[in-house]
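Read off the chains here:
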Amino acid sequence: MPPPLGAGTQTLSVEMMKLKEFFIPFSGLKLGKHEFGYEIDNTFFESFEYQEFNAASIDIAAILDKMNNMMELEIEAKGTVNVDCDLTGEPYDQPVSSNLHLVIKFGEEYNDENDEILIIPHGEYQINISQYVYEMLVLAVPQKRIHPGVLDGTLQSEILDKLEELQPKEIKEESENTDPRWDDLKKLLTDK
């Protein structure tokens, strides 16, 4: 749902203006590869109104390969996002790494329906990669977030202690009284 007209719209456009560094003006670039670097923190995600991360520290390297009639964009990301564990609620740094390959072609009108091909109008002189970076990073974080200390047993937490205390106990009793028919069958296996 679009934001209501008025102050909300102005706030949204101010937030999007902060992302102007993600515009790549390709019209003035020579043919060949050009590298762009970005450092992402939590303000980047806040501009998309995404508040799942406590903090973020991600380095982005974008390489634009400009050719005569098209371009290729390779985006690589490495870093960490601070998220809360789904089991304990404890914050921890989740490593993230991802890459994206995008082919940029020129056409009659803008079309981004295909995930791997972007078509932009012939008169365009720049592209904004912020949406691609945002989607790539959000999808790089696992849906189920579990603190590494939970997995290796080193995390000490009241919540984990309570979960262990409330975990159903399984009582296994070996019954010595067995059906004699089964005993006869077991003898067949051991008589070989």
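Coordinates for the structure precede this section.
Residues numbered from 1 in each chain as written. Predicted model: local features only at pLDDT ≥ 70, side-chain atom pairs only at ≥ 80, totals over all residues. Heavy atoms only, no water.

Considering the nonpolar core
Piece 1. Counting 39 residues, the largest nonpolar core has Phe 45, Ile 60, Leu 73, Ile 75 and Ile 129 as its most contacted members.
Piece 2. Broken down by secondary-structure element, the contributors of at least two residues to this core are strand 2 (32–40), helix 2 (42–46), strand 3 (55–66), strand 4 (70–84), strand 5 (91–107), strand 6 (117–121) and helix 3 (130–140).
Piece 3. When neighbours within four sequence positions are excluded, Leu 73 is seen to be in contact with Ile 24, Ala 62, Ile 63, Leu 64, Leu 100, His 101, Leu 102, Ile 104, Ile 127 and Ile 129. (Core = buried A, V, L, I, M, F, W, Y, C linked by side-chain atoms within 4.5 Å. Buried < 20%, exposed > 50% of the residue type's maximum accessible area, 1.4 Å probe, protein only. Helix = DSSP H or I, 4+ residues; strand = E, 2+ residues; numbered from the N terminus. Contact = heavy atoms within 4.5 Å.)

Quick notes on the side chain of Ser 47
Piece 1. Structurally, Ser 47 can be placed in the loop between helix 2 and strand 3.
Piece 2. Its relative accessible area of 4% is what places Ser 47 among the buried residues.
Piece 3. A polar contact of 2.5 Å, which involves the side chain of Ser 47, links it to the backbone oxygen of Phe 44. (Polar contact = N/O pair within 3.5 Å; in protein donor to acceptor, adjacent residues only side chain to side chain.)

Points about the sheet that holds strand 6
Piece 1. The five strands lie next to each other as 2-3-4-5-6, forming an open sheet whose pairing is mixed. Both outer strands of the open sheet, strand 2 and strand 6, are each paired with one neighbouring strand and no more. Neighbouring strand axes in the sheet, compared pairwise and without regard to direction, differ in orientation by 20° on average.
Piece 2. Against the sheet, helix 3 touches strand 2, strand 3, strand 4, strand 5 and strand 6, its axis set at about 140° to strand 5. (Pairing = 2+ DSSP bridges. Axes fitted to C-alpha atoms, helices over the stretch in contact; angles between N-to-C directions.)

Observations concerning the pattern of salt bridges
Piece 1. Per the counting criterion, the structure on display carries one salt bridge.
Piece 2. Across the salt bridge formed by Glu 52 and Arg 145, the nearest N and O atoms sit 3.3 Å from each other. Of this pair, Glu 52 sits in the loop between helix 2 and strand 3 while Arg 145 is found in the loop between helix 3 and helix 4 (148–152), placing the two residues 93 residues apart along the sequence.
Piece 3. For Glu 52, a relative accessible area of 45% puts it in the partly exposed group. (Salt bridge = Lys/Arg side-chain N within 4 Å of Asp/Glu carboxyl O.)

Concerning the packing of aromatic side chains
Piece 1. Here the structure, examined in full by the defined rule, presents eleven aromatic pairs.
Piece 2. Between Phe 45 and Tyr 50, the ring centres sit 6.3 Å apart and the planes meet at 50°, which makes this aromatic pair tilted.
Piece 3. For Phe 45, a relative accessible area of 0% puts it in the buried group.
Piece 4. The exposure class assigned to Tyr 50 is buried, which follows from its relative accessible area of 16%.
Piece 5. Ring geometry for Phe 48 versus Tyr 134: centroids 4.2 Å apart, planes at 10°, classification stacked. Remark: Tyr 134 occurs in helix 3 and Phe 48 occurs in the loop between helix 2 and strand 3; sequence separation between them is 86 residues.
Piece 6. For Tyr 134, a relative accessible area of 14% translates into the label buried.
Piece 7. Put simply, the rings of Phe 22, Tyr 38, Phe 44, Phe 45, Phe 48, Tyr 50, Phe 53 and Tyr 134 pair up and form one aromatic cluster. (Phe/Tyr/Trp six-rings, centres within 6.5 Å; stacked < 30°, edge-to-face > 60°.)

Concerning a nonpolar patch on the surface
Piece 1. Judged by side-chain polarity, Trp 182, Leu 185 and Leu 188 come together as a nonpolar surface patch covering roughly 370 Å² of accessible area.
Piece 2. With respect to the helices and strands, Leu 185 occurs in helix 6 (residues 180–190). (Patch = residues over 30% accessible without salt bridge, like charges linked within 9 Å, V, L, I, M, F, W, Y side chains within 5 Å. Areas by Shrake-Rupley, 256 points an atom, 1.4 Å probe, with all protein chains shown as cover.)

A few points about a negative patch on the surface
Piece 1. Taken together, the side chains of Asp 112, Glu 113, Asp 115, Glu 116 and Glu 135 define an acidic patch exposed on the protein surface.
Piece 2. Position of Glu 135 among the secondary structure elements: in helix 3.
Piece 3. On the basis of relative accessible area, Glu 135 is assigned to the partly exposed category, the value being 39%. (Lys, Arg positive; Asp, Glu negative; His and termini not counted. Charge placed at Lys NZ, Arg CZ, Asp CG, Glu CD.)

Comments concerning the environment of Tyr 125
Piece 1. Among the secondary structure elements, Tyr 125 is positioned in the loop between strand 6 and strand 7 (126–128).
Piece 2. Its relative accessible area of 45% is what places Tyr 125 among the partly exposed residues.
Piece 3. Measuring from C-alpha to C-alpha, the distance between Tyr 125 and Ser 27 comes to 4.9 Å, with 98 residues separating the pair along the chain.
Piece 4. Residue contacts for Tyr 125: discarding those within four places in its chain leaves Ile 24, Pro 25, Phe 26 and Ser 27.

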